[in-house]
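Coordinate inspection notes
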Amino acid sequence: KAGSTVRFLLGGKQAIEGLDLGMLGMKRGEIRKLIVPPALSQRTQYPDFLSPDSTLLYTIELIDIIPPPDFPPLSARGKITQQVGFNTITIDYERPSVRGRQIFGGLVPFDTLWKTGAGAGPKIRLDGPVTIEGNQVPAGVYNLMTIPGASMWTVILSSDTIFYIHRKPYEPDKEVARFQVVPKVTDRFYESFTIEIDIVPHHADIYLSWENTQIKFSLDTGTDQKVEDYIKQVLLTGQSQNPELYAMAADYYYFGNKQLESALILLDTALKKGPRSWYHRLKMDILERLNRKQEAITVGDTAIKFIKQEWEALGWDEFTAKQSINEYQERIKDLRASLGQ
């Protein structure tokens, strides 16, 4: 109707084809004259004044452009990036929700290859080689798939990352790892499919959880072996001149609660090459853990003398120096008390 204002979805077949085509690229406030031939003005019903063979003339002003509504995805995207040891692990995946459905044995049938989640399934990126449940897996990007079962799951890593995208036949020869894990029933209800990475010093446990079902598999980065090799081949042979490296290696042993005698050797080297207050503190920690408390007291006395002589060279202010000395004195007092002195 002449002079009327009409709102419609461009390209949504709510107007004749001639208007859909003629309005493409229009800007707010623009006015166009359109001549629409019969072939582009066809409709299911015609008003009395219009015949199917009519050529139509329109003068159109575009008043406003209303963007289409944006709906949230049914399966939200998730991404985890986690440093583990010397490695970085990244997992991209989509997270479908339960929405009142039975998941395993229902929506996800047992004993059938499952893409694991929504979309094309999770992609796990490894920037270095790892061992996953005894399987050597090189650096790369892999599809993470599963075969859920009532009492046992199979987990698969495949180098074929476009299997689900292109709907092509599955290629078992592209698997880089296949292993089985036992599912557990969780106390927590997981409404959305969830992947978590839990750091187990320098290694990781990866959890897949949905509904009340959870599986876990372990990933070994080889970090411990690399550190052990470096300590034995470089530090315990005295090849480095950096005292901090010796102290950090001792700290690594202390927090791992292993090789404590070697940790003391490393700290003694660090103290000879460039003493710092925290080297003494760590040595006291190790000696106390070894129940060599009298030696720990001696180290504490040495640390106090060191701070009194070197606090300015260390870049400390007087307050910091006094505070550190007081901490050592209190610790020595506790150690003496435990020895009945």
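Residues numbered from 1 in each chain as written. Predicted model: local features only at pLDDT ≥ 70, side-chain atom pairs only at ≥ 80, totals over all residues. Heavy atoms only, no water.

1. Regarding the overall build of the protein
Looking only at helices and strands, the protein has seven helices and 12 strands in total. At 35 Å, the protein has a C-alpha radius of gyration far larger than the 20 Å of a compact globule built from 341 residues. Projected onto its principal axes, the C-alpha positions of the protein cover 115 × 55 × 40 Å. Per-residue burial over the protein gives 39% buried out of 341 residues. Intrachain contacts of the protein at a sequence separation of at least 6 include 52% that bridge at least 24 residues. Carbon and sulfur atoms form 52% of the exposed surface of the protein, whose accessible area is close to 20,000 Å². For the protein, the distance from the average position of its 40 positive side-chain charges to the average position of its 42 negative side-chain charges is 2 Å. (Helix = DSSP H or I, 4+ residues; strand = E, 2+ residues; numbered from the N terminus. Rg over C-alpha atoms; globule rule 2.2 N^0.38 Å. Buried < 20%, exposed > 50% of the residue type's maximum accessible area, 1.4 Å probe, protein only. Contact = heavy atoms within 4.5 Å. Areas by Shrake-Rupley, 256 points an atom, 1.4 Å probe, with all protein chains shown as cover. Lys, Arg positive; Asp, Glu negative; His and termini not counted. Charge placed at Lys NZ, Arg CZ, Asp CG, Glu CD.)

2. A closer look at a nonpolar patch on the surface
Residues Leu10, Leu21 and Leu24 make up a contiguous nonpolar surface patch of roughly 270 Å² in combined accessible area. Among the structural elements, Leu21 can be located in helix H1 (residues 17-22). Leu21 sits in the partly exposed class, given a relative accessible area of 46%. (Patch = residues over 30% accessible without salt bridge, like charges linked within 9 Å, V, L, I, M, F, W, Y side chains within 5 Å. Salt bridge = Lys/Arg side-chain N within 4 Å of Asp/Glu carboxyl O.)

3. What about the packing of aromatic side chains?
For any pair of aromatic rings, geometry is given as the distance between the ring centres together with the angle between the planes. Per the counting criterion, the structure on display carries 12 aromatic pairs. Ring geometry for Tyr93 and Phe193: centres 5.8 Å apart, planes at 85°, overall edge-to-face. Here Tyr93 is found in strand S4 (residues 87-95), whereas its partner Phe193 is found in strand S11 (residues 184-200), with 100 residues between them in sequence. For Phe193, a relative accessible area of 1% corresponds to the buried category. An aromatic cluster is defined as three or more aromatic residues linked by ring pairs; in this entry it consists of Tyr93, Phe104, Trp114, Trp153, Phe193 and Trp210. (Phe/Tyr/Trp six-rings, centres within 6.5 Å; stacked < 30°, edge-to-face > 60°.)

4. Describing empty space enclosed by the protein
Scanning the entire structure with this criterion turns up one cavity of 30 Å³ or more. Looking at the largest cavity, its volume works out to about 40 Å³. Around the largest cavity, the lining residues are Phe104, Trp114, Trp153, Phe193, Leu208, Ser209, Trp210, Thr213, Gln214 and Ile215. Here the lining of the largest cavity gets six residues from one element, more than from any other, and that element is strand S12 (residues 203-220). Its residues assigned to classes, the lining of the largest cavity shows seven nonpolar, three polar and no charged. (1 Å grid on protein atoms, 1.4 Å probe; cavity = no way out; pocket = protein on both sides within 12 Å on 5 of 7 lines; lining within 4 Å. Points joined across faces, edges and corners; volume = space filled by probe spheres on them. Nonpolar A, V, L, I, M, F, W, Y, C, P; charged D, E, K, R; others polar.)

5. Some words on the confidence of the model for the protein
Averaged over the protein, the pLDDT score is 91; the fraction of residues at 70 or greater is 97%. The secondary-structure element of the protein with the lowest mean pLDDT is H1, recorded at 82, while S12 shows the highest, at 97. (pLDDT = per-residue confidence, 0-100.)

6. Regarding helix H4 (residues 260-273)
Side chains that are three or four residues apart share a direction in an α-helix, a result of its 3.6 residues per turn. The terminal C-alpha atoms of H4 lie 20 Å apart, and with 14 residues this matches the ideal 20 Å at 1.5 Å per residue to within 8%. Along H4, the residues classified as buried are Leu260, Ser262, Ala263, Leu264, Leu266, Leu267, Ala270 and Leu271. On its buried face, H4 sits against helix H2 (223-235), helix H3 (243-256) and helix H5 (277-289). (Expected span 1.5 Å × (residues − 1).)

7. Quick notes on the pattern of salt bridges
If you walk through the whole model with that rule in mind, you get 15 salt bridges. In this structure, Arg331 engages Glu288 in a salt bridge whose closest nitrogen and oxygen atoms are separated by 3.0 Å. One end of the pair, Arg331, is in helix H7 (residues 318-338); the other, Glu288, is in helix H5, and 43 residues separate them in sequence. Residue classification places Glu288 among the partly exposed residues on the basis of a relative accessible area of 32%. Among the charged side chains, a salt-bridge network with shared partners connects Glu261, Arg292 and Glu295.

8. What to know about the nonpolar core
Counting 34 residues, the largest nonpolar core has Ile231, Leu266, Leu267 and Ile286 as its most contacted members. Counting residues in hydrophobic clusters, the runner-up holds 33 residues, among them Val84, Val98, Leu126 and Val130. (Core = buried A, V, L, I, M, F, W, Y, C linked by side-chain atoms within 4.5 Å.)

9. Some remarks on the packing of helix H6 (residues 293-310) against H7
Two elements in contact, H6 and H7, have axes whose closest approach is 9 Å; the angle formed by their N-to-C orientations is 160°. Judged by the inter-axis angle, H6 sits roughly antiparallel to H7. The element H6 and its partner H7 pack so that their crossing is left-handed. Between H6, through Lys293, Ala296, Ile297, Gly300, Asp301, Ala303, Ile304, Ile307 and Lys308, and H7, the contact on the second element is made entirely by Ala321, Ser324, Ile325, Tyr328, Gln329, Ile332, Leu335, Arg336 and Ser338. Residue classes in the contact of H6 with H7 are distributed as 10 nonpolar, four polar and four charged. (Axes fitted to C-alpha atoms, helices over the stretch in contact; angles between N-to-C directions. Parallel < 35°, antiparallel > 145°, perpendicular 65-115°, else oblique. Left-handed = near helix turned anticlockwise from the far one by under 90°.)

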